[in-house]
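Breakdown of the fold
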Amino acid sequence: MPRLIYLAAVAVLAAGTAGVLFLWQNIAERKQEARQRVFQVVALDESTVDPAEWGKNFPQQFDSYKQTVDIERTRHGGSEAFQKLGEDPHWRILFQGYPFGVDYREERGHAYMLLDQDMTERVRQFPQPGACLHCHASILPAYRHAGRQAGVSDQQPLEQLMKGFELVCAMPYAQARNLKDDEGRPLVEHPVSCIDCHDPQSMQLRVTRPGFLNAIRALAQATLHQEEAAQDQPAQGEPAQGNAGQGEAGQGESDQRNAGQGEAGQTRLDLPHLPSIARWRKEGRNQDYDVNRWASRQEMRSLVCAQCHVEYYFQGSGKLLTYPWHKGLRVEQIEAYYDEAGHTDWTHPLSGARLLKAQHPEFELWSQGIHARSGVACADCHMPYKREGAIKISDHHVRSPLLNVARACQTCHRYPETEILDRALSIQDRTKGLLLRAEEAVVELIQALDQAGQANLPEETLQEARALHRRSQWRLDFVAAENSMGFHASQESARLLAEAIDLARQGQIAVLKAAGTR
């Protein structure tokens, strides 16, 4: 009997030892697997545009990138390309005389970016420049090729890129879309790809888009210049010289009230969500701000998105793609820049107002919200981390966090999924309600101006109402064109829509006054 007990104990010990060894081996394998995040199957360089090639080395990330073809709709958006003009006919009136009045669709996922641009009626029916490809295609090889053909050598990569950017922007869309290299191979054939955000050698995040590189330098300089100018302002209570009582754009008391200004009447341009700019201002003022040198990795997890999810316009006869950040990121600051530059996207055929068209200012509006202020990056919510086996990766299935609440939101917010979803939808529903009221107000202003024109009221009496149409529709469109239905910055969105309603109603009063002075 004792012998049997001894043998049993030895067997148990041996089994336990074997189990521990197997466990140790499994842990070691998983640790090794976690370190093996790259599979060196192909060599990647600056010419490797096809994401499928990157997928040979990064299969997990590529598998999730391919899921951006998925079409799924949320309550107020998603990735289904529904026609917004059909859902909300107000926009046919608001955009009358402009290509968006013909085709205005919800955006689909990244995999469709180039195809959808080719297919939109805004390109098929209207002349568009090659500048559009800046964000709809993996365009870097085309820029380099155009720069090289213009005589800028490969030893000057940034200068070559910028020259090519300038040349391609000025081309007609079809010409730019069909660019080929010296051997006749297409240079523009993929939507946004891995190379647009990652260095092919180090895999580190990087900014590559020339439009953004120009804009972020201008933004850094603008904050510096504005603050230096603020030091020369009179103390509170002292009389100001020149345009007394006016806001930063010199547009009077209305803008001053609405510009979010500090106690001394100066707009705060400290950009707390971009600490690298503050650091550059202290340490690197002797040279331009270089985002790829100064920005932290967490900042980069937003800035690579901000390369394209921004407001922009085509500057001058060369149609140079330009982000209007020279005075700051807020609506009033962008408006002031456009006013100073004399920029207008089109003249509305009914109201006669010279209008601005907002593009998709996600970065600008997000910059005013609590998530940006708290250091939360775009990728934290739209590309949250996930595990596949022992490997931790960023999910490249870029989509609405509302479709992925558990990983996108609950990492920080310790509430049930239903509660988080209800809170987000509550913000969006209220924003949508305000948006509809603002649409109605601006449409009624357009109709009032149209009737005034038909009544042959003197042009000079309608200038005030037309200026108010420009300002009100700009604020309305800024929120409508931004793809979070107010969630990125709920209070800022509500403020802008309230101002849009107020300005539109002021415009109607101005029309009535004009009619009364006839």
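Sequence positions are assigned chain by chain, starting from 1 and proceeding in written order. Reporting of local features is limited, given that this is a predicted model, to residues whose pLDDT is at least 70; pairs of side-chain atoms are given and counted only at 80 or more, and all residues count toward the totals for whole chains, interfaces and linings. In computing side-chain properties, one takes all heavy atoms of the structure into account and sets aside hydrogens as well as water.

**Quick look at the overall build of the chain**
Helix and strand definitions here come from DSSP, where helices need a minimum of 4 consecutive H or I residues and strands a minimum of 2 consecutive E residues; each element is numbered from the N-terminal end. Assigned secondary structure in the chain consists of 24 helices and eight strands. Buried residues in the chain amount to 47% of all 518 residues. Residues are treated as being in contact if the distance between any of their heavy atoms lies within 4.5 Å. Excluding contacts between residues fewer than 6 apart, the proportion of contacts in the chain whose partners are at least 24 apart in sequence is 67%. Here's how the labels work: a residue is buried when its accessible area is under 20% of the maximum for its type, exposed when over 50%, partly exposed in between, all with a 1.4 Å probe on protein chains only.

**Points about the packing of aromatic side chains**
Only rings of Phe, Tyr and Trp enter the pairing, Trp through its six-membered ring, and a pair is recorded when the two centres are within 6.5 Å. The plane angle decides the type: under 30 degrees is stacked, over 60 is edge-to-face, the rest tilted. One pass over the structure, following the stated rule, counts 21 aromatic pairs. Aromatic pair Phe62 and Tyr65: ring centres 6.2 Å apart, planes at 20°, arrangement stacked. Of the two residues, Phe62 and Tyr65 are both situated in helix α3 (residues 59-66); the distance of three residues between them amounts to about one turn of the helix. The structure contains a cluster of three or more aromatic residues connected by ring pairs, namely Trp91, Phe95, Tyr98, Phe100, Tyr104 and Trp346. Only when the NZ of Lys or the CZ of Arg is both within 6 Å of the ring centre and within 35 degrees of the ring normal is a charge said to sit over the ring. Above the face of the Tyr385 ring, Lys392 is positioned so that its terminal group lies 4.5 Å from the ring centre.

**Description of the pattern of salt bridges**
A carboxyl oxygen of Asp or Glu within 4 Å of a side-chain nitrogen of Lys or Arg is what we treat as a salt bridge. Counted under the stated rule, the structure contains 32 salt bridges. One salt bridge connects Asp429 with Arg75, and the closest N-O pair in it is separated by 2.6 Å. You can see Asp429 sitting in helix α22 (residues 417-454) and its partner Arg75 sitting in the loop between β1 (73-74) and β2 (77-78), a full 354 residues away along the chain. The class of Asp429 is partly exposed, set by a relative accessible area of 32%. With a closest N to O distance of 3.0 Å, Glu340 and Lys327 form a salt bridge. Highlighted residues: Glu340 in helix α17 (residues 331-341) and Lys327 in the loop between β4 (320-322) and α17, separated in sequence by 13 residues.

**What about unusual backbone geometry?**
Of note in the backbone geometry, Met203 takes a positive phi value of approximately 70° without being a glycine. Residue placement: Met203 occurs in the loop between α11 (173-177) and α12 (210-230). One non-glycine residue, Asn456, lies in the positive phi region at around 60°. For Asn456, a relative accessible area of 61% corresponds to the exposed category.

**A few points about the pairing of strand β8 (residues 391-394)**
When strand β7 (residues 385-388) meets β8, the two strands line up antiparallel, connected through four bridges. Along β8, the bridge assignment pairs Glu388 with Ile391. A pair of strands is treated as paired once DSSP finds two or more bridges between them. Remark: two residues form the turn of the hairpin made by β7 and β8, two consecutive strands paired antiparallel; Gly389 in that turn has positive phi of roughly 70°.

**Some thoughts on the confidence of the model for the chain**
On average, the chain scores 87 in pLDDT, and the residues at 70 or more come to 87%. In the predicted structure, residues 231-268 sits below a pLDDT of 50 and forms 40 contacts with residues beyond four places in sequence or in another chain. How sure the predictor is of each residue is captured by pLDDT, a score from 0 to 100.

**Focus on the side chain of Glu311**
Assignment of secondary structure puts Glu311 in the loop between α16 (297-306) and β3 (313-315). Leave out the neighbours within four places in its chain, and Glu311 touches Tyr323, Pro324, Ile334, Tyr338, Lys357, Ala358, Gln359, His360, Pro361, Glu364 and Trp474.

**Things to note about a nonpolar patch on the surface**
Within the patch definition used here, like charges are joined within 9 Å and nonpolar side chains (Val, Leu, Ile, Met, Phe, Trp, Tyr) within 5 Å, considering only residues with over 30% relative accessible area and no salt bridge. For the accessible areas, the method is Shrake-Rupley and the probe is 1.4 Å, while residue cover comes only from the protein chains on display. The grouping of Leu4, Tyr6, Leu7 and Val10 at the surface amounts to a nonpolar patch, some 420 Å² of accessible area in total. Residue position: Leu4 is located in helix α1 (residues 2-35).

**Overview of the packing of helix α23 (residues 463-481) against helix α24 (residues 490-516)**
For helices, the fitted line uses only the C-alpha atoms of the stretch in contact; every axis is such a line through C-alpha atoms, and the angle between N-to-C directions lies from 0 to 180 degrees. Axis separation between α23 and α24 bottoms out at 8 Å; the angle between their running directions is 160°. Classed by the angle they form, the pair α23 and α24 counts as roughly antiparallel. In terms of crossing hand, the pair formed by α23 and α24 is left-handed. On α24, the residues touching Glu464, Ala465, Leu468, Arg471, Ser472, Arg475, Leu476, Phe478 and Val479 of α23 are Ser493, Leu496, Leu497, Glu499, Ala500, Leu503, Ala504, Gln506, Gly507, Ala510 and Val511. Three categories are distinguished: nonpolar for Ala, Val, Leu, Ile, Met, Phe, Trp, Tyr, Cys and Pro, charged for Asp, Glu, Lys and Arg, and polar for the others, with Gly belonging to the last. Looking at side-chain class alone, the contact of α23 with α24 contains 12 nonpolar, four polar and four charged residues. The labels follow the angle: roughly parallel below 35 degrees, roughly antiparallel above 145, roughly perpendicular from 65 to 115, and oblique for the rest. We call a crossing left-handed when the near helix sits turned anticlockwise from the far one by less than a right angle, and right-handed when that turn is clockwise.

**A closer look at the packing of helix α9 (residues 140-149) against helix α10 (residues 157-170)**
One way to put it is that α9 packs onto α10 with a least axis distance of 7 Å and a crossing angle of 95°. Considered as vectors, α9 and α10 are oriented roughly perpendicular to each other. Of the residues in α10, those touching α9 at Leu140, Ala142, Tyr143, Arg144, Ala146, Gly147 and Arg148 are Gln160, Leu161, Lys163, Gly164, Phe165, Leu167 and Val168. A per-class count over the contact of α9 with α10 returns eight nonpolar, three polar and three charged.

**A closer look at α17**
Of all the 11 residues making up α17, eight are buried; the element is thus mostly covered by neighbouring parts of the structure. Considered for burial, the residues of α17 that qualify are Val331, Glu332, Gln333, Ile334, Glu335, Ala336, Tyr337 and Tyr338.

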